[in-house]
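Per-entry structural report
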Amino acid sequence: KNTAERRESIVNNLPTALKDFPSDFYFIKRYMSIPVFYNEKIVAIAGVLNKETDYLESDKRQLILLMDAVWKIIEQKKYEIKLKEMNESLEKRVAEELDKNREKDIMMIKQSREVLMGEMMQNIAHQWRQPLNTIGLIIQNMTTFFHDGSLKPEYFDAKTAKMIELLLRMSQTIDDFRNFFATDN
């Protein structure tokens, strides 16, 4: 097993006197690294360097504790982001389903209205059949009486008034139909 898998730190306290380098030259004097574990897996390697004194076991423990806390914060942020994405996705799906349901409701209302209009048309046709039939019979009788010379002005006036009454009733049926749908918007 390698050092990280064994959960060991690497500590390298180099000699402080490197005579071949200028005094302002940056170089590593001391170095310590540790593996960072999460769910039994190495997720990072953390390192520190150039402490004024040698790294001790207490430095190692502090770095391990720090990196464990940092990694837990990172994981928490990942979960928060994922949860936010899931909530947004759910909200979007709910909104889409609500829109679909509204569309279905509107379609059902339109279909219901069309069925109702069909029924109303049947009712109007039924209401008009008898008056139209009566008007047709009156016209036939008047025509027959006119051609045989027996059409009397009183009969003509009475039947004309009856036809006007029937036509007004038919007109009222149309108005009733129109008013029903005008107030049902």
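What follows deals with the overall build of the protein chain. If you tally the helices and strands in the protein chain, you get two helices and three strands. Starting at the N terminus, the α and β elements of the protein chain follow one another as β-β-β-α-α. Counted over contacts in the protein chain with a minimum sequence separation of 6, partners at least 24 positions apart contribute 49%. Surface summary for the protein chain: the accessible area is close to 14800 Å², and the carbon and sulfur share equals 58%.

The next thing to look at is the pairing of strand E2 (residues 30–38). Within a regular strand, side chains alternate between the sheet's two faces. With respect to burial, E2 is a largely interior element, seven of its nine residues being buried. Connecting E2 to the next strand, strand E3 (residues 41–49), in antiparallel fashion are two residues, including Asn39 with a positive phi near 55°.

Looking now at the packing of aromatic side chains. Enumeration over the complete set of coordinates arrives at one aromatic pair. Consider the rings of Phe145 and Tyr155, whose centres lie 5.1 Å apart with planes at 75°: the pair is edge-to-face. Pair noted here: Phe145 is in helix H1 (residues 57–148) and Tyr155 is in helix H2 (residues 153–183), with a separation of 10 residues, a long-range link. Owing to a relative accessible area of 22%, Tyr155 belongs among the partly exposed residues under this scheme.

Turning our eyes to something else, we now look at a nonpolar patch on the surface. On the surface, Leu66, Val70 and Ile74 cluster together into a nonpolar patch covering about 210 Å² of accessible area. Looking at where Leu66 falls in the secondary structure, it is placed in helix H1.

Phi angles above zero are rare outside glycine, and Asn39 is one such case at about 55°. On the secondary structure map, Asn39 appears in the loop between E2 and E3. We classify Asn39 as exposed; its relative accessible area is 60%. The backbone of Glu40 shows a phi angle near 65°, a positive value even though the residue is not glycine. The residue Glu40 is located in the loop between E2 and E3 in this model.

Among the structural elements, Thr173 can be located in helix H2. With near-sequence residues (within four places) excluded, Thr173 lies in contact with Ile124, Gln127 and Trp128.

On to the pairing of E3. Direction of pairing for E2 relative to E3: antiparallel, over a ladder of eight bridges. Looking at the pairing, Val36 lines up with Ala44 of E3.

Regions with low pLDDT carry predicted coordinates that are not meant to be interpreted in detail. For the protein chain, per-residue confidence averages 84 on the pLDDT scale, and residues scoring 70 or more make up 84% of the total. Of all helices and strands in the protein chain, the one with the weakest mean pLDDT is strand E1 (residues 10–13) (59), whereas H1 scores best (92).

Once that is clear, we can look at H1. Over its 92 residues, H1 runs 134 Å from end to end, which matches the ideal 136 Å to within 8%, given 1.5 Å per residue. The sharpest bend along H1 reaches about 30° and sits at Arg129, with the proline Pro131 one to four residues further on. Listed in full, the buried residues belonging to H1 are Asp59, Lys60, Leu63, Met67, Trp71, Glu75, Met120, Ile124, Pro131, Ile135, Ile138 and Met142. Gly149 occupies a position one or two residues after H1 and carries a positive phi of about 80°.

Glancing now at the nonpolar core. Counting residues in hydrophobic clusters, the biggest one holds eight residues: Met32, Ile34, Val36, Ala46, Tyr55, Leu63, Met67 and Trp71. For this core, the secondary-structure elements that each account for two or more residues are E2 and H1. Within the second largest apolar cluster, six residues are counted, among which are Ile135, Met142, Met163 and Met170.

So, about the pattern of salt bridges. Enumeration according to the criterion identifies eight salt bridges in this entry. Here Asp59 ties to Lys51 by a salt bridge, and the two come within 2.5 Å at their closest N and O atoms. What makes Asp59 buried here is its relative accessible area of 15%. The salt bridge partner of Lys77 is Glu80, with a shortest N-O separation of 3.5 Å. Within this pair, Lys77 and its partner Glu80 are both found in helix H1, separated by three residues, close to a single helical turn. Residue Glu80 is classed as partly exposed on the basis of its relative accessible area of 38%.

About the cut-offs
- Once a new chain begins, its residue numbering starts again from 1 and follows that chain's sequence as written.
- In keeping with the predicted nature of the model, local features appear solely for residues at pLDDT of at least 70, side-chain atom pairs appear and are counted solely at 80 or more, and the whole-chain, interface and lining totals rest on all residues.
- Heavy atoms throughout the structure, all of them, feed into the side-chain values; hydrogens and water do not.
- For helices the rule is a DSSP run of H or I covering at least 4 residues; for strands it is a run of E covering at least 2, with both sets numbered from the N terminus onward.
- Whether two residues touch is decided by their heavy atoms; if any such pair falls within 4.5 Å, the residues are in contact.
- Residue-level accessible areas treat just the shown protein chains as cover; the underlying method is Shrake-Rupley with a 1.4 Å probe.
- The buried label applies to any residue whose accessible area, calculated with a 1.4 Å probe on protein chains only, is under 20% of its type's maximum; exposed applies above 50%, and partly exposed to all values in between.
- Any two strands between which DSSP finds at least two bridges are classified as paired.
- Aromatic pairing here means that ring centres of Phe, Tyr or Trp (its six-membered ring) are within 6.5 Å. Orientation follows from the plane angle: under 30 degrees is stacked, over 60 is edge-to-face, and everything else is tilted.
- Patches in this entry comprise residues that are over 30% relatively accessible and not in a salt bridge; like charges within 9 Å are linked, as are nonpolar side chains (Val, Leu, Ile, Met, Phe, Trp, Tyr) within 5 Å.
- Basic side-chain nitrogens of Lys or Arg form a salt bridge, by our definition, when they fall within 4 Å of a carboxyl oxygen of Asp or Glu.
- Per-residue confidence from the predictor is reported as pLDDT, which spans 0 to 100.
- One less than the number of residues in a helix, times 1.5 Å, gives the span that helix is expected to have.
- Note that bend, as reported per residue, equals the angle between axes fitted to the 7 residues terminating at that residue and the 7 residues originating from it.
- The definition of a nonpolar core used throughout is a set of buried Ala, Val, Leu, Ile, Met, Phe, Trp, Tyr and Cys residues joined through side-chain atoms within 4.5 Å.

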